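Residue-level structure breakdown
What follows is the residue order along each chain.
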Amino acid sequence: MNARAILYEQFSDLEQQRESSLAGIWAFIASEIMFFGGLFLAFTVYRLNYTQAFNEASQHLNLVLATLNTAVLLTSALTMALAAASNKMGWKYSTLLLLMVTTLLGALFLAIKGIEYIEDWHKGLFPGSAFAWTGSDPGHVQLFFVLYFLMTGFHALHLMIGMGLILVMLLLTWKGWINSRHFMPLDVTSIYWHFVDLVWIFLFPLLYLLGAKI
Amino acid sequence: MPPVLQIIDLKDSQATRSYLTKQTLRSWLLTTDHKRVGLLYLYTIIVFFAVAASAAAVMRLNLLTPRGDLVQAETYNKLFTMHGVLMVWFFLIPSIPSVLGNFLLPLMLGARDLAFPKLNLLSWYIFVFGGGIALYALLIGGVDTGWTFYTPYSSTYSNSHVALMAAGVFVAGFSSILTGLNFIVTTHKLRAPGLTWFRLRLFVWSLYATSVILVLATPVLAMTLTLMALERIWKVGVFDPALGGDPLLFQHLFWFYSHPAVYIMILPGMGVVSELIAAFSRKRVFGYTFVAFSSLAIALLGFLVWGHHMFVSSQSVFAGVIFSFLSFLVAIPSAIKVFNWTATLYRGSISLDTPMLYAIGFIGLFTIGGMTGLFLATLAVDVHVHDTYFVIAHFHYIMVGGMVMAFMGGLHFWWPKISGRMYPELLGKMTAIVTFLGFNLTFFPQFILGYLGMPRRYHAYPEQFQVYNVLSTAGASILGLGYVLPLCYLIWSCCYGKPAGNNPWGAKGFEWETTSPPPSENFEKPPVQTEEAYAYPVPSSEPITE
């Protein structure tokens, strides 16, 4: 099969086009970091102010499921990286397989997170009218859970966007539009996926480990 | 271009090949041509400007009398919120970057288009969608929090459509981010051969600095408004002290975006003024490197001064001193620009065409706006003038006296390139002068009002302030004339103006080498930069004799 690349008219050569895509995704990720930065700042400020309540609250989260999820997500990062590499080698079917596995791991992460959310809900940890906290300092404990649901929620949202992108890449690879010469869209998706993983790498210790009694 | 085409009627040759040739609705709504997207932004922001300016007009009329006879206090609150939100996010921020920047950046770089043309069109749609939400929120009753959305009022007590308005601003923010991203990548990767960083036009430098702020600051606002809206809808504390939150955190996060945003609203204007000063003095901008780097310095320092909005918000005195000091530092790169523009004028062959009048007006007004900013950055003085009309006058000198003047100057300067036709020069000059006079009459009395102690955001005031308010309202009506006139004669010039030719100003730069209006692909053949920017002939060094 002939691998062909598309050169858009605003660029003078493929190299320039590739570099532009790469610069674009990094600028976008810088923006994303600032987006999450607001939440991380809020969490840091309140954790410093209400350490006791935040530690107490953290112990009610399910550490086992979260650890499992960390493993799932890190594995998906591996399969994603392998997919991008295998595409550059021109191995179409292994690329397709690896992309599929990545999507499935993403779905598995969301499923486990969903189970965790349901469990949290039943334990009365969801802020608002359903919030039921019998221990001390319910106000600040609730603050922890507001931030917990927001941060993991925004992360899950980004993960879903990433999965959507990977599905598009699957289709394009299958059609042959993405191939060993036209690889930038897949590489960009891969970078985005790693960014989403990296957010979790910060969320996991911050939310689950800092207050844990192990 | 084959010489034959130049001899034949210029109008016909342009009509067959310019970017404006195809005039179907579909060709505009699905365009990926950066020049057309720029014009789409222009039409859109004129609508928002008109709505926001009308709100200001009603406010100024209301303030003619001390009792505020025209509107009730609640309506007045909604009017200034509407004015602020629309002017900041739907006019000033997209004004120069999205209109002139979109149109000019690829031209100045010698590129065919931006790096991501489809993303550019998407930015416009996102902007229109966000603007639609904001206008809808205004139509169904408006918002009364002020453009700053301070908590806990916005998140708990206000009975207006805060969440909807926040959603509109949130959505429009993504348009800013994508535009900034597009500009950054384009500047890095799509420069013509020979166009090194230090041969770039200063407008490009200032757009680059602006884009960095757009990409890094806007997402923080998105998150802040999300938290505020969630607190409001979900009724859980993030900022509400009654629910364990900290209202000061909102102010920190809000100003972490909104102070850099102030520089989004002035840096592009500074870039335009650099272009105008060079073109109408026929000289290379004095201290080019310093002017270029001062844009980056302003962008960087702009991220470190947000706390000067919070001197009276129970921020610690220590933090106050630090923020005060850092705010003073911003004056250095700003002053570098002003001094270098003035030095450029020295021994230039100056022609006082309309754009130049706007540019000179800009320098004067920006200087006053900037100097009064130093008053406000001084801790003790700020306690006296905080939340008074002094602050209003200060930032209007920057935003309106600075950015809007620069926008008008830039629009006149590049209008021949955009439309292919000249505007009426005499009318243009008169308008520039009317705008300058009207502006000063509107806002200078407000410095005095503020210093005497009239607080902002009140619909009524003690009688001793009336004379200044009447002056200000009178000025506003003159200023209004200065905005209506260009709208009329620029539209007129599209049909009846005399054809401009490629380079009516005899200015240097890639955009003046192509036809007016340019072809869709910008240049017949890709240009190459062989000299520094603004390589005007060096004026003779003979001493001036009496």
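In this numbering scheme, every chain counts its residues from 1 along its sequence in written order. Lettering of chains starts at A and numbering of ligands starts at 1, both following the order in which they are written. Since the coordinates come from a predicted model, pLDDT governs what is reported: local features require at least 70, and pairs of side-chain atoms require 80 or more to be given and counted, while whole-chain, interface and lining totals use all residues. Heavy atoms throughout the structure, all of them, feed into the side-chain values; hydrogens and water do not.

In this text, helices come from DSSP runs of H or I with a minimum length of four residues, and strands from runs of E with a minimum of two, each type numbered from the N-terminal end. Assigned secondary structure in chain A consists of 6 helices and 0 strands. Taken from N to C terminus, the helices and strands of chain A fall in the order α-α-α-α-α-α. Oriented by its inertia axes, the alpha-carbon framework of chain A measures out at about 65 × 30 × 30 Å. Any residue under 20% of the maximum accessible area for its type is buried, any over 50% is exposed, and the rest in between are partly exposed; the area is computed with a 1.4 Å probe on protein chains only. The burial tally for chain A puts 52% of its 214 residues in the buried class. Every residue pair with non-hydrogen atoms within 4.5 Å of one another is taken to be in contact. For chain A, the proportion of contacts with a sequence separation of at least 24, taken over those separated by at least 6, is 80%. For the accessible areas, the method is Shrake-Rupley and the probe is 1.4 Å, while residue cover comes only from the protein chains on display. Entry remark: accessible area of chain A is about 9800 Å², with carbon and sulfur atoms responsible for 71%. Between the mean site of the 10 positive side-chain charges and the mean site of the 12 negative ones, chain A shows a separation of 8 Å. By the counting rule applied here, Lys and Arg register as positive and Asp and Glu as negative, while His and the ends of each chain are not counted. All charge positions are set by atom: Lys at NZ, Arg at CZ, Asp at CG, Glu at CD.

Bringing the overall build of chain B into the picture now. Check the secondary structure of chain B and you find 18 helices and 0 strands. In terms of overall size, chain B behaves like a compact globule, its C-alpha atoms giving a radius of gyration of 23 Å where 546 residues would be expected to give roughly 24 Å. Along the longest, intermediate and shortest principal axes, the C-alpha atoms of chain B span 75 × 60 × 45 Å. With 546 residues in all, chain B has 61% of them scored as buried. As displayed, chain B has an accessible area near 20700 Å², and 71% of this comes from carbon and sulfur atoms. Averaged over its 30 positive side-chain charges, chain B has a centre that lies 7 Å from the centre of its 24 negative ones. For the radius of gyration, the atom set is restricted to C-alpha positions; the globular benchmark scales as 2.2 Å times the number of residues to the power 0.38.

A few words on the interface of chain A and chain B. At the interface, 34 residues of chain A touch 34 residues of chain B. Note on terms: buried area is the combined drop in 1.4 Å-probe accessible area of two parts once they are placed together, counting the loss on both. Here chain A and chain B share an interface that buries about 2800 Å² over both sides, 73% of which is from carbon and sulfur atoms. The largest contributions to the chain A side of the interface with chain B come from A:Q10, A:M34 and A:F35, which together make up 21% of the buried area. Any carboxyl oxygen of Asp or Glu that lies within 4 Å of a side-chain nitrogen of Lys or Arg is treated as forming a salt bridge with it. Here A:E19 and B:K189 are joined by a salt bridge, their closest N and O atoms 3.4 Å apart. Here a polar contact is taken to be a pair of N or O atoms separated by no more than 3.5 Å, where protein atoms must pair a possible hydrogen donor with a possible acceptor and residues adjacent in sequence count only if both atoms sit in side chains. Put simply, chain A and chain B have 8 residue pairs in polar contact (both at pLDDT 80 or more) between them. Listing elements by their share of the side of chain A that touches chain B, those giving two or more residues are helix 1 (14-49) and helix 5 (138-175) of chain A. Broken down by element, the residue count for the side of chain A that touches chain B peaks at 18 residues, all from helix 1 of chain A. Side-chain classes follow a simple rule in which Ala, Val, Leu, Ile, Met, Phe, Trp, Tyr, Cys and Pro form the nonpolar group, Asp, Glu, Lys and Arg form the charged group, and the remainder, Gly included, forms the polar group. Its residues placed into classes, the side of chain A that touches chain B shows 21 nonpolar, 11 polar and 2 charged.

In this section: the side chain of B:T435. Residues and elements named next belong to chain B. Looking at where T435 falls in the secondary structure, it is placed in helix 17 (residues 425-452). Of the residues examined, T435 reaches a relative accessible area of 1% and is grouped as buried. Sequence-distant contacts of T435, defined by excluding residues within four places in its chain, comprise Y358, M405, L479, G482 and Y483.

The next point concerns the nonpolar core. Counting 231 residues, the largest nonpolar core has A:F145, B:W89, B:L100 and B:F149 as its most contacted members. Examining the composition of this core, we find that 22 residues originate from one element, helix 5 (residues 73-109) of chain B, more than from any other. Residues within four places of B:L100 in sequence aside, it is in contact with B:S95, B:L105, B:F203, B:V272, B:F407, B:G410, B:L411, B:W414 and B:I418. In these notes, a set of buried Ala, Val, Leu, Ile, Met, Phe, Trp, Tyr and Cys residues joined through side-chain atoms within 4.5 Å is what counts as a nonpolar core. A:F11, B:A115, B:L181 and B:V215 belong to the second-largest nonpolar core, a separate cluster that totals 11 residues.

Take the packing of aromatic side chains next. Pairing of aromatic side chains requires ring centres within 6.5 Å, counting the rings of Phe and Tyr and the six-membered ring of Trp. Pairs whose planes differ by under 30 degrees are stacked, by over 60 edge-to-face, and all others tilted. This structure, assessed with the given rule, holds 68 aromatic pairs over all chains. Both rings, one in A:Y46 and one in A:Y50, keep their centres 6.1 Å apart while their planes meet at 20°; by these two values the pair is stacked. Here A:Y46 matches A:Y50 in class, with each residue buried. Residues B:F256 and B:F303 carry aromatic rings whose centres are separated by 5.7 Å and whose planes lie at 45° to one another, so their mutual orientation is tilted. Of this pair, B:F256 sits in helix 10 (residues 247-264) while B:F303 sits in the loop between helix 12 (288-302) and helix 13 (317-345), and the two are 47 residues apart along the sequence. For B:F303, a relative accessible area of 13% gives the class buried.

Residue and element names in this part refer to chain B. Omega for the bond connecting T151 with P152 falls within 30 degrees of zero, at -5°, which places this linkage in the cis form. Inspection of the secondary structure puts P152 in the loop between helix 6 (117-139) and helix 7 (153-157). Residue P517 is reached from S516 by a cis peptide bond, and omega for that bond is -15°. Notably, R347 is not glycine yet its phi reads approximately 60°, a positive angle. Note on placement: R347 falls in the loop between helix 13 and helix 14 (354-377). The exposure class of R347 is partly exposed, given its relative accessible area of 37%. In this model, N522 sits at a positive phi of 75°, which is unusual for a non-glycine residue. Relative to the helices and strands, N522 is located in the segment after helix 18 (466-496). Residue N522 is classed as buried on the basis of its relative accessible area of 0%.

Right, let's get into a nonpolar patch on the surface. Residue and element names in this part refer to chain B. Here a patch means residues that are over 30% exposed by relative accessible area and free of salt bridges, tied together within 9 Å if like-charged and within 5 Å if nonpolar (Val, Leu, Ile, Met, Phe, Trp, Tyr). On the surface, L25, L29, L30, L122 and Y125 cluster together into a nonpolar patch covering about 470 Å² of accessible area. At the level of secondary structure, the elements contributing two or more residues to the nonpolar patch comprise helix 3 (25-29) and helix 6. In this fold, L29 is placed in helix 3. The class for L29 is partly exposed, based on a relative accessible area of 32%.

Another aspect to go through is the confidence of the model for chain B. On a scale of 0 to 100, pLDDT captures the predictor's confidence in every residue. On average, residues of chain B carry a pLDDT of 93, and 96% of them reach 70 or more. Residue range residues 1-15 of chain B is modelled with pLDDT below 50. Its contacts to residues more than four positions away, or to other chains, number 11 contacts.

With that settled, the discussion passes to empty space enclosed by the protein. All names here are of chain B. Cavity means a closed set of points on a 1 Å grid over the protein atoms alone, one where a 1.4 Å probe fits but cannot get out, pocket means an open set with protein on both sides within 12 Å along at least 5 of 7 lines, and lining means a residue has an atom within 4 Å of a point. Grid points are joined across faces, edges and corners, and a volume is the space filled by probe spheres set on the points. Overall, the coordinates contain 4 cavities of 30 Å³ or more when judged by the stated rule. Here the largest cavity is characterised by a volume of approximately 70 Å³. Residue lining of the largest cavity: W89, I93, P94, P97, S98, F127, A172, S175, S176, T179 and L214, and that is the complete set. Put simply, the parts of the chain that give the lining of the largest cavity at least two residues each are helix 5 and helix 8 (162-189). By residue number, the principal contributor to the lining of the largest cavity is helix 5, which donates 5 residues. Partitioned by chemical class, the residues of the lining of the largest cavity number 7 nonpolar, 4 polar and no charged. Approximately 40 Å³ is the volume found for the second largest cavity. Lining the second largest cavity, in full, are W89, I93, V169, A172, G173, S176, T218, L221 and Y257.

Moving on: the confidence of the model for chain A. Detailed reading of the predicted model is not advised wherever pLDDT is low. Put simply, chain A has an average pLDDT of 94, and 99% of its residues get 70 or more. Here helix 2 (residues 51-58) of chain A stands out as the least confident element of chain A, with mean pLDDT 93; helix 4 (residues 92-122) of chain A is the most confident, with 97.

Our next topic: helix 10 of chain B. Residue and element names in this part refer to chain B. Here the expected span of a helix is defined as 1.5 Å times the quantity of residues minus one. Between its first and last C-alpha, helix 10 extends 26 Å over 18 residues, near the 26 Å set by a 1.5 Å rise per residue. Most of helix 10 is tucked away: 15 of the 18 residues are buried. Where helix 10 starts, the residue carrying a side-chain oxygen 2.9 Å from the main-chain nitrogen of L248 turns out to be D246.

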